[in-house]
Amino acid sequence: MRVYGVIGWKNSGKTSLMERLVAEITGRGLSVSTVKHVHHTVDLDQPGKDTFRHRQAGAREVVLASADRLAILVEHRGPEPELPAVLARMAPVDLILVEGYKRDAHPKVEVWRAETGHPLIQPGDSLVRAVATDAALTLPVPVLDLNDTAAVADFILREVGLV
């Protein structure tokens, strides 16, 4: 599977770029899935609902299936799952875009905006292949216009061999 990351500090615009990239790349006829890494506790289930009750009773996995979507809730009650384990559970697609997992060993584009006040990640990570920004920067990797979604998509698709 082809995997490409979108990384950056909080409020840099990663999610907005991810949303635009998914629309752009699927609009070109390719299939895309996404992985979103979060640092806080998340529960997509609701107390009192049947699936919540199943999990509370001790089910390791609960599948919620309907005509429109399928959700698999997994209780792992251990350390955070590593990206390879998450990817291994996913159905085959042309490209998986990963938001976060910035320290993992996959190629990435960094989203950077000066107003966040954070330093660039790129100088310390050789897997950051480009920086998407709204600032004028000179770097040893390509600097992409953060607002030119098609150009960022072109770069990623070339990197993974889909162009």
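Residues numbered from 1 in each chain as written. Predicted model: local features only at pLDDT ≥ 70, side-chain atom pairs only at ≥ 80, totals over all residues. Heavy atoms only, no water.

Re the pattern of salt bridges
The test is simple: Should a side-chain nitrogen of Lys or Arg be within 4 Å of a carboxyl oxygen of Asp or Glu, the pair is scored as a salt bridge. Helix and strand definitions here come from DSSP, where helices need a minimum of 4 consecutive H or I residues and strands a minimum of 2 consecutive E residues; each element is numbered from the N-terminal end. Type-normalised accessible area, obtained with a 1.4 Å probe on protein chains alone, sets the label of each residue: buried when under 20%, exposed when over 50%, and partly exposed for intermediate values.
Under the counting rule described, the total for this entry stands at 9 salt bridges. The residue Asp154 makes a salt bridge to Arg28 at a minimum N-O spacing of 2.7 Å. On the criterion of sequence distance, the pair formed by Asp154 in helix α4 (residues 149-159) and Arg28 in the loop between α1 (14-27) and β2 (32-36) is long-range, its members being 126 residues apart. On the basis of relative accessibility, which here comes to 35%, the residue Arg28 falls in the partly exposed class. For Glu75, the salt bridge identified is with Arg55, shortest N-O distance 2.3 Å. Note that Glu75 is positioned in the loop between β4 (70-74) and α3 (83-88) and Arg55 in helix α2 (residues 50-57), a separation of 20 residues in sequence. Here the two residues Glu75 and Arg55 agree in accessibility, since each one is buried. Each of Glu24, Arg28 and Asp154 takes part in one network of salt bridges that share partners.

Things to note about the pairing of strand β5 (residues 95-99)
The following threshold applies: Two strands qualify as a pair provided that DSSP identifies no fewer than 2 bridges between them.
Burial runs high along β5: 5 of the 5 residues are buried. Burial along β5 is two-sided: Leu95, Leu97 and Glu99 facing one way and Ile96 and Val98 facing the other are all buried. The pairing of strand β1 (residues 3-7) with β5 spans 4 bridges and is parallel. From the neighbouring strand, Gly5 faces β5, where its bridge partner is Val98. With 5 bridges joining them, β2 and β5 adopt parallel strand pairing. The residue of β5 that forms the bridge with Thr34 is Leu97.

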